[in-house]
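Working through the structure, step by step
Chain residues, written in single-letter form:
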Amino acid sequence: MKRRTVLGGALILPLAAACGGEPVGTASTPGSVVTSGGATAIPAGGEVLADPRVRQAMAYAIDMKSVTESLFQGAAKPANTLMPDGPFKPTNGLEAYAYDPEKAKQLLAEAGWDSSRELDLVYYYGDQATVDFMAAVQQYLDMVGMKVKPRKLEGDLASQLWVKPDDPVAGPSGVKWDLAYAAIAALAPQEYYNRFLPTYSGNSYWPDNPEYTALIEETSASADPEVQAKAFHETVNWESKNLPGIPLYYQPVFIAYSDKLDRKGAAFGNDQYNYDWAIHTWDIPAGSDGKKTLRTNGGPVEFFDMPFFNPGVLLSQKIMWDHLIVADENLVPKAGQLAENYEISDDGLTITFTMRDGITWHDGEPITAEDVKFTFEFAKKVPTVHTVFAGTLEKISDITVSGKQVVFTFSELDSMALTTFSQLPPLPQKHLASSDPLTFQQDPYFQNPIGSGPFKAVDIKMGDYALYEAFEGYWQGRPVIDQVRQYPSGESDPNLVKNVQAGTVDYAYSKSIDDVLAIAQVPGMKTESVDVFYTRLFFVNSFPKP
């Protein structure tokens, strides 16, 4: 399996050798102190998980190097901060949190940890690797005197995981769990830290800390990459000392493809989002019917996913809709797409797009600046949109159209505006003018969408298959591949390996390490590992319980 960097069975633990001495004993009430690492502990009477020494102890207690090498077979990398390596992370001065059970026990003793307390550890992934990892964590923490009981959540996850307390400082907590095993799959680096702001709608875990809040806000205060990088370095340094969440490992995205598929040298990037992968140039041998058919997963089960929330997580979203501008494989906006060009004012508060001549929707109707204006004004009313989009939409104060030009005016600088324009696609006003933004996903449009991308939907059987044909009127020219055929699946595809083995998949991506290891053994298949903004972590509920 090849590995590229982009910016953006049960585990057997060496229990006897891993930990000497006895676990920590019963608790004393922690006072307000400053730890040796510079982090401030909680005052007496608070939730002890709010004490950074407890969170640091958990980080030291889990041997992530052994976990990633054995359980994940080297396909993941231990994390010491939420931010992966790259320009937004300092190269020195950070705590490594290498495995050190004695240090963990020392920190727990200083914090007055009560070893009789049992922590509620929740998770929602259903793969065997997660089950094995939860068992490993349980063993590691038990060795330093921390009891945890893992349980898998079912049903409505949001109502169990991300209910924000009424008081973002004192709580009490709006959720029942102590630790939540989850992931941050970031479109932009700000997403790693914005979720620790008191204003973040899903912040069920971190009480407002004015110092941390100010640092996080500085990461979005400028569109200058160098200024952003400096702000991120300061934020990551604070995180390293305090661990508001416990970073576990960085996981790549895995891309699997047939050796018959010729991608014409297109870059491999973060397939969870949209980037310049030039699929219109790809080629594959024709089948017995004389057609060049690309077979893949991610077909609609009940409807096509609206592109305002997870804008590129499924291949259908990438091939049906183009965007105002296109991003490179690092998700950095680089050039116009549906827009021929764009200009940014000196103060960054106005962005002007000039639309291309002759571009059309799949039904032959022209794509206009009015469609763009409609889409973004409509998106402001849709309650469920991607967090990066939400920040941009909130700051758009006016949208005006003059001929081929559409002008966006912002009430304040939005460092993520170009990223939003590279991911949120214009939609046809003609087909959506009467749509209800509150029930947008249920609109009939998402049964058979009219798009702007290189392939158009022509035969849809929900829950069975979806067939797309090359769009003859595509502005970059007719695609080389004649059609794309999808079988139905969500983002997590339980049938991916089976279908690859049956020879019915030419291209797909996965975040399952088990899947990619199995696919790598299938003759005629290749795999790529692409480092992206994807970090697995423990969210720690630092709010007091009711």
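Parameters at a glance
- Sequence order as written defines the numbering, with residues in each chain counted from 1.
- Reporting of local features is limited, given that this is a predicted model, to residues whose pLDDT is at least 70; pairs of side-chain atoms are given and counted only at 80 or more, and all residues count toward the totals for whole chains, interfaces and linings.
- Side-chain measures were taken over the full set of non-hydrogen atoms in the model, leaving aside hydrogen atoms and water.
- What makes two strands pair is DSSP finding at least two bridges between them.
- Secondary structure counts use DSSP, requiring at least four H or I residues in a row for a helix and at least two E residues in a row for a strand, with both numbered from the N terminus.
- Axis definition: a line fit to C-alpha positions, over the contact stretch in the case of helices; interaxial angles, taken between N-to-C directions, run 0 to 180 degrees.
- Every residue pair with non-hydrogen atoms within 4.5 Å of one another is taken to be in contact.
- Three exposure classes are used, based on accessible area relative to the maximum for each residue type with a 1.4 Å probe and protein chains only: buried under 20%, partly exposed in between, and exposed over 50%.
- Domain segmentation is taken from an automatic or database assignment of domains.
- Summed over both partners, the accessible area (1.4 Å probe) lost when two parts come together is defined as the buried area.
- We call Asp, Glu, Lys and Arg charged. Ala, Val, Leu, Ile, Met, Phe, Trp, Tyr, Cys and Pro are nonpolar, and the rest, Gly among them, are polar.
- UniProt positions are given in the numbering used here, feature names are shortened, and annotations may be inferred rather than shown by experiment.
- Here, the term nonpolar core denotes a set of buried Ala, Val, Leu, Ile, Met, Phe, Trp, Tyr and Cys residues that are joined through side-chain atoms within 4.5 Å.
- Salt bridge, as used here, is a side-chain nitrogen of Lys or Arg placed within 4 Å of a carboxyl oxygen of Asp or Glu.

Let's shift gears to the sheet that holds strand 11 (residues 339–344). Pairing within the open sheet is antiparallel, and its four strands lie in the order 11-12-14-13. Of all the strands in the sheet, the pair left with one neighbour each is strand 11 and strand 13 (396–402). Here the average twist between neighbouring strands, direction ignored, is 15 degrees. As defined by bridge partners, strand 11 adjoins strand 12 (residues 350–355) across five bridges and the pair is classed as antiparallel. Counterpart to Ile344 in the pairing with strand 12 is Ile351. In this fold helix 11 (residues 369–379) packs onto strand 12, strand 13 and strand 14 (405–410), with an angle of close to 165 degrees to the strand it touches most, strand 13. Packing against the sheet, helix 12 (residues 387–395) makes contact with strand 13 and strand 14, and its axis sits at approximately 75 degrees to strand 13.

Further remarks concern helix 2 (residues 52–61). Counting buried positions over the ten residues of helix 2 gives ten, a clear majority of the element. Among all positions of helix 2, only Pro52, Arg53, Val54, Arg55, Gln56, Ala57, Met58, Ala59, Tyr60 and Ala61 are buried. Considering only its buried residues, helix 2 is in contact with helix 4 (101–111), helix 5 (128–143), strand 5 (179–185), helix 9 (225–242), strand 6 (245–250) and strand 20 (534–540).

Following the sequence through the fold, Ile450 ends up in the loop between helix 14 (429–432) and strand 15 (455–461). When the C-alpha atoms of Ile450 and Met320 are compared, they prove to be 7.8 Å apart, with 130 residues separating the residues in sequence. Not counting residues up to four positions away in its chain, the partners in contact with Ile450 are Trp321, Trp361, His362, Asp363, Pro428, His431 and Tyr445.

By the element assignment, Ala111 lies in helix 4. Along the sequence, Ala111 and Ala98 sit 13 residues apart, while their C-alpha atoms lie 20 Å from each other.

Moving on, we get to the domain arrangement of the chain. Once the domains are mapped, the chain shows domain 1 (48–252 + 534–540), domain 2 (253–320 + 453–530) and domain 3 (322–445). Put simply, the middle of domain 2 and the middle of domain 3, counted by C-alpha atoms, are 25 Å apart. On the domain 3 side, the residues contacting the 25 residues of domain 2 number 30 residues. Both faces combined, the contact of domain 2 with domain 3 buries some 2300 Å², and carbon together with sulfur accounts for 64% of it. Area buried by domain 2 at its contact with domain 3 is led by Met306, Phe308 and Trp475, which between them contribute 34% of it. In terms of residue class, the side of domain 2 that touches domain 3 is made up of 17 nonpolar, five polar and three charged.

Let us now look at the sheet that holds strand 3 (residues 118–123). Hydrogen bonds between backbone groups are what pair the strands of a sheet, and the pairing can be parallel or antiparallel. Pairing in this open sheet of six strands is mixed, and the strands run 2-6-20-5-3-4 from one edge to the other. Edge positions in the sheet fall to strand 2 (77–78) and strand 4 (147–152), since each of these pairs with one other strand and no more. Summarising the sheet, strand 6 and strand 20 pair through five bridges and their orientation is antiparallel. Across the sheet, residue Gly245 finds its bridge partner in strand 20, namely Phe539.

In the numbering used here, UniProt assigns the feature "domain: Solute-binding protein family" (unreviewed entry) to residues 46–156 and 336–541. For the annotated span residues 336–541, helix accounts for 20% and strand for 31% of the residues, and the straight-line distance between the end C-alpha atoms is 43 Å.

Formed by 121 residues in total, the largest nonpolar core has its most connected members in Phe133, Tyr181, Phe308, Phe376, Phe408, Phe421 and Tyr507. Look past the residues within four positions of Phe308 in its chain and what remains in contact with it is Thr375, Phe378, Ala379, Val382, Val385, His386, Phe389, Leu424, Pro425, Leu427 and Phe440. Counting 30 residues, the second largest nonpolar core, distinct from the first, contains Phe88, Ala180, Trp206 and Ile216.

The element strand 19 (residues 525–531) is largely enclosed, with a buried count of six among its seven residues. When strand 7 (residues 253–258) meets strand 19, the two strands line up antiparallel, connected through six bridges. Bridge assignment links Ile255 to a residue of strand 19, and that residue is Glu528.

As enumerated under the stated definition, the model contains 22 salt bridges in all. Residue Asp459 is joined to Lys461 by a salt bridge in which the shortest nitrogen-to-oxygen separation is 3.0 Å. Each member of the salt-bridge network shares a partner with another, and the members are Glu47, Arg117, Asp178 and Lys545.

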